[in-house]
Amino acid sequence: MNRKILVTAICGSLLAAGTAYAQGSPAPQNAQGNTQNNTPQTLQTIVVTGSHIRRVDVETSNPVVAVTAQQIAATGKTTLGDVVQNLPVITGSLSNPNVNNSGGSGATFVGLRGLGASRTLVLIDGQRLLSQVTGTQSLQDLNFIPAAAVERIEVLTDGASAVYGSDAIGGVINVILKTNYQGAQFTTNYGTSDRNDGQRKGGSFMFGQTSDKGSILAGVEYNQFDEVLASQRKFSQNSVSLTTSNGVPVGVIGGSSYAARDRISFVDPTIAPAFGGGAGCGFLSLNESAAAAGTSPTGASDYHCFGNADKYNYASVNLLMTPVEHTNAFFKGTYHLTDNIDFFGTYLHQKTSSAFQLAPAVFGTSTGVTISKDNYYNPFGVDFTPSNGNDFRVRMFPAGNRSARLGTTSDQLNIGLRGNVTIFDQNWTWDAGYNYGHYSRTSTVLGLPNQAALEPGLGPSFLNASTGQVECGTATSPVPNCTPWDPFNMFNPATEAVVGASSAPSIINTWAVFRTYHAGISGGLFDLPAGTAQLAAGVSYNKQYTNNTVGPSLLIEEQPPYSCPLGSQCSAHLQGGYSDKEAYAELFVPILKDMPLVRELNVTLGDRFSKYNTVGSTNNWKVAIEYRPIDDLLLRGTTTSVFRAPNIGQIFGSPVSSAPYLAVDPCDGFTGAPAGSGPALACRNVPTNGTFKDSYVAFHQQLTSVTSGSQFFGINLKPESGKTFDFGAVYSPHYVPGLSLSADIWRVYLNNTITTVGTTTSVLECYNGVLSFCPNVASRDPTGQPLVWLQPTMNLGRLDFKGLDVSANYKLPQFSFGQFNVGLNATYMKQAKIDTAPGLPGNLALNGVGVLGTFGSPLGTSCPNPLGGLCFFPRIRAVGTLNWQLGPLDAQWTMRYISKFKIGSADPSQYDTATAALPNYVIRYGATVYNNLQVGYNIQPLNTRLDVGVDNVFDKQPPFLYANNTLNANTDPEDFDVLGRYYWARVTVNF
């Protein structure tokens with residue numbers, strides 16, 4: 001490439017900086033022309049995502065972003081999740097294999113419009129994709145669909161409940177598999193970071209045959225991704241928290257107060273100084289020399305005052321990239337039974353192995369442990385209990401790192417009949433089918449010592465003078481079948497042996513099945529002067545059921561303190577299901593055509609009735625208008641009502657342990673209140689002298705909490721409901737061939753949102769007098785610090801998001817030095833308003849304060865992220881592409897843009913700060929731009945294509961957000977690249 005071409009490429013990329021895969025970008029030329037059936041065909045009607053009406057027009061009232069198979073290949077990505085999550089219309093928190101803490105499943109869940117994955121519907125060839133039950137959510141994994149089999153992806157960026165039913169609030173992702181494929185194809189790929197880690201390798205093989213009798217497509221696909229430890233990147237190798245020094249914010253390498261060598265505090269202020277802590281010492285830690293020597297029992301000289309250097313740096317053992325292995329098999333076929341009737345079938349299978357890894361388990365009074373003052377190894381002479389204010393905490397290093405090995409198997413089958421028939425001289429198509437899906441997962445939890453088995457050894461114990469052995473109980477009342485042990489030195493060989501022996505794998509098995517019977521018909525009703533009025537109608541019956549079994553050591557108690565023998569990652573049996581019956585109708589009416597200033601005017605009306613055996617019935621409608629004043633310009637508008645029915649987990653989910661943050665405790669400075677009032681109930685056990693300061697808030701510590709479905713708490717859920725609006729224009733000027741521009745203004749609002757009620761919401765509502773929230777508020781120890789909080793699932797809150805989508809695509813005239821195409825897609829969010837409890841006095845978003853342009857809002861689990869991650873809504877996401885092709889050689893430069901954002905809020909009503917040491921402190925971050933390069937070459941004589949690429953060409957590092965503001969790697973691995981510069985190569989051979 002000469003300098004002129006290079007300059008043209010750079011300028012074009014900068015012009016396009018901001019957005020995603022442009023519709024209609026030129027694809028790299030195939031190595032073999034017959035990989036698709038290229039026989040010239042007459043113009044046929046098609047179904048475009050967002051409608052059941054068959055149309056000739058590709059551009060309709062439905063705003064659809066299309067990604068072709070060639071565009072997927074040009075990204076170098078090997079899973080659909082990696083492709084789709086970078087589209088600008090995907091915003092808000094998501095989950096992918098980069099997420100370790102709260103991840104590790106190998107799945108990618110994405111949400112449109114920032115509304116969360118549970119409000120985005122994923123289809124495969126127009127039928128619902130299998131869902132996975134994850135916590136209190138039922139989500140659809142894009143990685144289940146093999147990328148090799150995909151013809152294109154159509155993303156509808158408008159609500160579509162009237163067309164597809166529940167969940168289609170933010171929009172619809174419809175993955176369309178290849179049809180009429182002819183030949184065979186083999187691919188192999190390899191990738192690695194420039195730090196020589198994060199390797200990926202894989203390949204695929206597929207073949208297809210098309211004849212007069214029908215067509216088949218079948219194949220297999222394999223992808224493996226190696227793990228990357230957080231210690232292998234500078235930004236993530238240490239846990240760095242933002243605090244202050246002399247009133248100035250500073251980043252301090254520290255970590256968790258659950259330290260390797262204990263952190264111990266006492267109600268009696270004289271104890272710590274007596275054990276080497278010195279005057280004013282509040283916490284003790286074991287000396288490193290005592291740990292190295294394995295000293296047991298310990299004494300006064302073995303401790304010092306706990307400091308920042310004693311905190312445990314948990315970051316280094318966490319994963320930056322979780323290991324994943326996908327094996328897929330797929331089949332799609334059509335058989336012509338007669339000239340007018342086809343039998344069709346699609347089958348997908350996937351087996352996934354994945355894992356996550358976290359620091360060793362925490363252990364202490366906050367996990368329900370009691371250590372007797374008469375324990376032989378207790379040098380302090382006081383009891384440590386969850387409620388008496390004496391606090392003991394430590395890391396269970398002898399048990400190893402916490403981890404889970406997950407094995408997931410998913411299958412989906414869609415079969416049926418379809419055909420065409422003539423009724424009153426009008427053409428009609430019909431179909432009837434059965435959609436079956438099955439999902440199962442085995443989670444093997446490792447690294448959790450059995451707390452229930454260990455705790456008896458922490459009770460009274462004594463040294464038996466006759467045997468020289470320490471025994472449980474007292475000299476007069478020994479306790480048989482009990483092993484005493486020393487919790488104050490985890491590096492003592494005897495302690496290591498006891499704790500290590502108690503750590504046995506525990507297993508959770510989860511499975512779910514869904515069945516859908518569906519039938520539909522579409523065709524012309526009657527002819528009008530402007531065209532034929534068309535009708536589409538159909539019915540469906542859906543059933544879903546899920547069940548799981550939890551190993552006894554992880555089985556949570558269904559009453560306070562909601563603990564389990566392993567003391568962490570507690571869960572419970574989940575069993576339940578529901579069914580729904582639905583009917584829909586959609587009418588397309590051409591109003592005017594070929595008149596002055598009215599080249600075309602069409603109206604589409606739609607309605608769907610849904611009846612659930614769990615939440616009753618709902619009716620949702622759609623009104624859409626298309627208007628072409630001239631051939632070059634399409635004006636469109638759509639208004640729809642939308643809904644989402646509660647899923648299985650949200651209704652039937654049993655208590656599961658969780659660890660949220662508390663943004664604010666209104667009991668800080670508490671001076672008392674009348675008994676039974678909101679403040680008294682919210683501040684139980686809080687001292688009334690006005691000196692209370694919640695350390696969990698002050699240090700952004702995670703709480704002990706229990707999340708559950710609605711049924712466990714006796715709450716009757718109802719569907720979420722709202723409306724969406726989209727008004728846009730598509731302009732393709734005839735005087736600039738190859739240019740297409742579009743813009744859509746959109747809004748979606750949703751009432752009665754189904755959410756797990758965040759701890760901050762509960763304590764604020766209770767304190768402000770909404771007493772129904774008070775049962776959720778934590779019990780507190782005698783010092784006022786919270787113990788266990790409840791997070792039930794209920795209808796609470798309102799979402800109101802607004803924005804603008806723009807796209808541009810220009811295929812330049814052919815030059816002697818090649819063909820260029822410039823593409824741009826971008827989404828601008830004008831508003832992202834989240835009211836956690838509209839109309840109630842403790843509502844965090846009262847008076848319309850939003851979270852737009854902010855990362856890590858204190859709204860916590862009230863964010864639209866179903867997995868409980870932090871909110872992130874940048875104002876602008878965009879992707880620009882520049883393609884160049886000359887004969888067998890082609891190249892693509894892609895720029896991905898994420899606009900500036902901040903952490904913290906200067907608004908005191910939001911209770912949000914970047915560091916708890918400074919109220920309302922704000923950190924601002926600039927925009928992030930990623931550059932990717934791909935080059936391909938077709939070796940025509942060998943029917944072979946070579947592709948090489950570099951992702952993140954300039955090795956852009958992710959923004960440093962600090963450990964106190966995020967759960968993973970001091971940054972946000974959901975939205976930003978954490979691997980750095982990455983090289984990949986692919987070979988494709990066609991037969």
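Details of the structure are given in the entry above.
Scope of this entry: the structure provided in the associated data block. (Residues numbered from 1 in each chain as written. Predicted model: local features only at pLDDT ≥ 70, side-chain atom pairs only at ≥ 80, totals over all residues. Heavy atoms only, no water.)

**Quick look at unusual backbone geometry**
What you tend to see is this: most non-glycine residues have negative phi, and most peptide bonds are trans.
Logical step 1: Between S296 and P297 the backbone carries a cis peptide bond, its omega angle lying at -5 degrees.
Logical step 2: Mapped onto the fold, P297 is located in the loop between α6 (288–293) and β18 (303–305).
Logical step 3: The residue F424 is not glycine, and still its phi comes out positive at about 50 degrees.
Logical step 4: For F424, a relative accessible area of 78% gives the class exposed.
Logical step 5: You will see that N943, though not glycine, has its phi angle at about 50 degrees, which is positive.
Logical step 6: Structurally, N943 is set in the loop between β47 (928–939) and β48 (944–951).
Logical step 7: By relative accessible area, which is 27% here, N943 ends up partly exposed. (Helix = DSSP H or I, 4+ residues; strand = E, 2+ residues; numbered from the N terminus. Buried < 20%, exposed > 50% of the residue type's maximum accessible area, 1.4 Å probe, protein only.)

**Observations concerning helix α8 (residues 493–502)**
Logical step 1: Burial in α8 covers these residues: T495, V499 and S502. One side of α8 carries all its buried residues, which in axial view fall inside an arc of 60 degrees. Exposed residues on α8 whose side chains face more than 90 degrees from its buried face are P493 and A501.
Logical step 2: Looking at the buried residues of α8, the elements they touch are α7 (451–454).
Logical step 3: The N-terminus of α8 is capped by N492, whose side-chain oxygen sits 3.0 Å from the backbone nitrogen of A494. (Arc of directions from axis to C-beta. Contact = heavy atoms within 4.5 Å. Polar contact = N/O pair within 3.5 Å; in protein donor to acceptor, adjacent residues only side chain to side chain.)

**Comments concerning helix α12 (residues 759–767)**
Logical step 1: Counting buried residues in α12 gives 8 out of 9 residues, a clear majority hidden from the surface.
Logical step 2: Of all the positions in α12, only T759, T760, T761, S762, V763, L764, E765 and C766 are classed as buried.
Logical step 3: Following α12 by one or two positions, G769 adopts a phi angle in the positive range, close to 100 degrees.

**Observations regarding a nonpolar patch on the surface**
Logical step 1: A contiguous nonpolar surface patch, about 710 Å² in accessible area, is contributed by F186, F205, F207, I216, V220, F331, Y347 and F991.
Logical step 2: Breaking the nonpolar patch down by element, the ones donating at least two residues are β11 (200–211) and β12 (214–225).
Logical step 3: Tracing the backbone shows F331 in strand β20 (residues 324–336).
Logical step 4: For F331, a relative accessible area of 36% translates into the label partly exposed. (Patch = residues over 30% accessible without salt bridge, like charges linked within 9 Å, V, L, I, M, F, W, Y side chains within 5 Å. Areas by Shrake-Rupley, 256 points an atom, 1.4 Å probe, with all protein chains shown as cover. Salt bridge = Lys/Arg side-chain N within 4 Å of Asp/Glu carboxyl O.)

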